[in-house]
Amino acid sequence: MSHAADVRISDPSAAQAAHPEANQAAPRLRDSFIELPARERARALLDAGSFRELLGPFDHIESPWLPLQGIVCQADDGCVIARGTIDGEPAVIAALESAFQGGSIGEVSGSKIAAALEMALRDCERGKRVRPVVLFETGGVRLQEANLGLAVIAEIQAAIVALRRHVPVVGVIAGMVGCFGGMSLAAALCSYLVVTKQARLGMNGPEVIEQEAGIEELDATDRRRVWQLIGGEQRVASALADQLVDDDSHAVRAAVRAAFTQGVPAAHRSEQVDTFLQRLARVDPASVTPETLRDVYNPPAHHATNGEQA
Amino acid sequence: MEHLTFDYPARRAVTTRAHVGVVGSGDLEVLLSPASTSDTSNSDNALSAHVVVRTSVDGYGHIWKSVLDRFFTRYDGAAQIEINDFGATPGVVALRLAEAVEAAGEGDAA
């Protein structure tokens, strides 16, 4: 599977010592972004030394609902809100911790994201631009907090739409959980989406599709197939995400900085309703393949401009 | 889910705090901070450490006591230690506790 092939094994100095003549071919040791927990992901994207956390674990703002169902809480409810700077400009990052309850959105974790974006919106309305970044790593709503989670996802979406008029809202999907459910809609509302090859973006996860539509529809264990359909590479190739980066902290950081440099897009994806309806109308469900979908959603004429962005 | 508390004698005050780990499968989160000073206001001014464990796995209180007994043979700080556990093994618990002590030693004033 493609993501396994991306694991870098090398210690360049060791390779050099063993084969000095092979120095040029020695793969570079990468600083994996996927392997970082949420707090370190946020730290990696902010300017060095500028990380400052809001409502951190010692504030003990936990889910009131999980203990009632016999589930242990995490002190930050699996959501890290960090202030700092990106390229010297004020920034706020909301990062989801995928290891805690699948990065799911509960009342508290979702409210933290919505509030952080709403605060950035208020700052922008007062003329103080704050760069918002959301690190999506989430299965969507936390089923144990169903309606409250859904309600707060709507607040997050509303905040993104309001905020993106002032400043680009940049989303990152790194993997390995991916981004699903209501939060996939939130990701789709972002001005720019940065993804890795390991990322997945979709409404329903493969297991849900298999369970609901049958294994003839999709075999969730067929990882190649799953990534062909909803993987980061496919989403960029079909113009539903903007930039494909390696699993490398520096690459993700560079992509986020570049997105802010581009400024607010002339028309967000979700504002191009007619364009996407036309593309959808050209999809024949009986014959569509991942390759033909790319041609419909990202016609060759658009490739050049899309490549510019990436 | 089970809720366990432990107290241990301490010999020095703790002035920093640290947070390590994640409440994920086979892992745990440790929050280490200075113990509240109200406990030391009595006449003999005894310092003590307090541990609160919330664990997803029931029935292992004696194992938690063994792991913490061992930890406190080497650690003498008057700390408030909160543990949110999602099925970590005793070895992982011991490593996370050591990591929290190390992280608290690096600063981050409470």
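Residues numbered from 1 in each chain as written. Chains lettered and ligands numbered in written order. Predicted model: local features only at pLDDT ≥ 70, side-chain atom pairs only at ≥ 80, totals over all residues.

## Re the interface of chain A and chain B
This is how it is decided: Note that contacts rest on C-beta atoms placed from the backbone: two residues are in contact if these are within 7 Å. Under the convention adopted here, Pro, Cys and the residues Ala, Val, Leu, Ile, Met, Phe, Trp and Tyr are nonpolar, Asp, Glu, Lys and Arg are charged, and Gly plus all remaining residues are polar.
The interface of chain A with chain B comprises 13 residues on the first partner and 16 residues on the second. Its residues assigned to classes, the side of chain A that touches chain B comprises 10 nonpolar, 2 polar and 1 charged.

## Considerations on helix H4 (residues 107-125) of chain A
Residues and elements named next belong to chain A. We count it as follows: Runs of H or I in DSSP of at least four residues are treated as helices and runs of E of at least two as strands, each being numbered from the N terminus. The span you would expect from a helix comes to 1.5 Å times its residue count less one.
Compared with the 27 Å implied by 1.5 Å per residue over 19 residues, the 26 Å span of H4 between its first and last C-alpha is a close match. Structurally, H4 contributes buried residues whose contacts are with strand S2 (79-86), strand S3 (89-96), strand S4 (131-136) and helix H5 (146-163). Directly beyond the C-terminal end of H4, a positive phi value near 90° is found at glycine 127.

## Thoughts on the confidence of the model for chain B
Rules: Per residue, pLDDT measures the predictor's confidence, with a range of 0 to 100.
Summarising the model, chain B shows a mean pLDDT of 91, and 88% of its residues fall at 70 or more. Complex prediction metrics read pTM 0.87 and ipTM 0.89.

## A word on the sheet that holds strand S7 (residues 243-245) of chain A
All names here are of chain A. Selection criterion: When DSSP locates at least two bridges between a pair of strands, those strands are taken to pair. Lines are fitted to the C-alpha atoms to define the axes, a helix being fitted only along its stretch in contact, and any angle between axes, read from their N-to-C directions, falls within 0 to 180 degrees.
The strand order S1-S2-S3-S4-S5-S6-S7 describes an open sheet built from 7 strands, whose pairing is mixed. Every other strand in the sheet has two partners, leaving strand S1 (52-54) and S7 as the edge strands with one partner each. Here the strands of the sheet are splayed against their neighbours by 25° on average, with no regard to which way each runs. As defined by bridge partners, S4 adjoins strand S5 (residues 170-173) across 4 bridges and the pair is classed as parallel.

## A look at the pairing of S4(A)
Residues and elements named next belong to chain A. Keep this limit in mind: Here the C-beta atoms are placed from the backbone, and a residue counts as buried if at least 20 other C-beta atoms lie within 10 Å of its own, exposed if 12 or fewer do, and partly exposed otherwise.
Buried residues dominate S4, accounting for 6 of its 6 residues. Judged from the 5 bridges that link them, S3 and S4 form a sheet pairing that is parallel. Its bridge partner being in S4, alanine 94 is matched across the sheet by valine 134.

## Quick word on the confidence of the model for chain A
Caution is warranted with low-pLDDT regions, since their predicted coordinates should not be read in detail. Residue and element names in this part refer to chain A. Averaged over every residue, the pLDDT of chain A is 90; the share at 70 or more is 87%. Contacts from residues 1-22, a stretch scored under 50 in pLDDT, to residues over four places away or in other chains number 25 contacts. Segment residues 304-310 is flagged for pLDDT under 50; beyond a separation of four residues in sequence, or across chains, it makes 8 contacts in the model.

## Examining the packing of helix H1 (residues 61-74) of chain B against helix H2 (residues 90-105) of chain B
All names here are of chain B. To be explicit about the condition: Each crossing gets its hand from how the near helix is turned against the far one by less than a right angle, where anticlockwise is left-handed and clockwise is right-handed.
Contact pair H1 / H2: the axes reach a minimum separation of 10 Å and the direction vectors enclose 35°. Here the hand of the crossing between H1 and H2 comes out right-handed. Here Ile63, Val67 and Phe71 of H1 lie close against H2, whose contacting residues are Pro90, Val93, Ala94 and Leu97.

## Topic: the nonpolar core
Our working rule: Among buried residues, those of type Ala, Val, Leu, Ile, Met, Phe, Trp, Tyr and Cys that are joined through C-beta atoms within 7 Å form a set called a nonpolar core.
In terms of nonpolar packing, the biggest core is built from 73 residues, with A:Ile93, A:Leu135, A:Val194 and A:Val256 touching the most fellow members. With 7 residues, the top contributor of residues to this core is H5(A). Setting aside residues up to four positions removed in sequence, A:Leu135 forms contacts with A:Ala38, A:Arg41, A:Ala42, A:Ile93, A:Ala94, A:Ala95, A:Leu96 and A:Val172. Counting 36 residues, the second-largest nonpolar core is a separate cluster that includes B:Val22, B:Val30, B:Ala78 and B:Ile81.

## Here we look at the environment of A:Arg131
All names here are of chain A. Mapped onto the secondary structure, arginine 131 falls in strand S4. Separated by 81 residues in the primary sequence, arginine 131 and serine 50 place their C-alpha atoms 14 Å from one another. Each residue touching arginine 131, except ones within four places of it in the same chain, is listed here: Ile86, Glu89, Pro90, Ala91, Val167 and Phe260.

## Describing unusual backbone geometry
Residue and element names in this part refer to chain A. Cis peptide bonds are those with omega within 30 degrees of zero, and the linkage from glycine 175 to methionine 176 qualifies with 5°. Here methionine 176 is to be found in the loop between S5 and helix H6 (182-189). Of note, alanine 239 is a non-glycine position whose phi angle comes to about 60°, a positive value. Locating alanine 239 in the fold gives a position in the loop between helix H9 (232-237) and S7.

## Regarding helix H8 (residues 223-230) of chain A
Here is the rule: Here the arc refers to the directions that run from the helix axis out to each C-beta atom.
Listing the buried residues of H8(A) in full gives A:Val226, A:Trp227 and A:Ile230. Summarising the axial view, the buried residues of H8(A) lie within an arc of 90°, below the 170-degree limit, and thus occupy one face.

## Points about the environment of B:Glu99
All names here are of chain B. Along the chain, glutamate 99 turns up in helix H2. We classify glutamate 99 as partly exposed; it has 15 C-beta atoms within 10 Å. In the structure, glutamate 99 is positioned 89 residues away from alanine 10 in sequence and 19 Å away in space, judged by C-alpha atoms.

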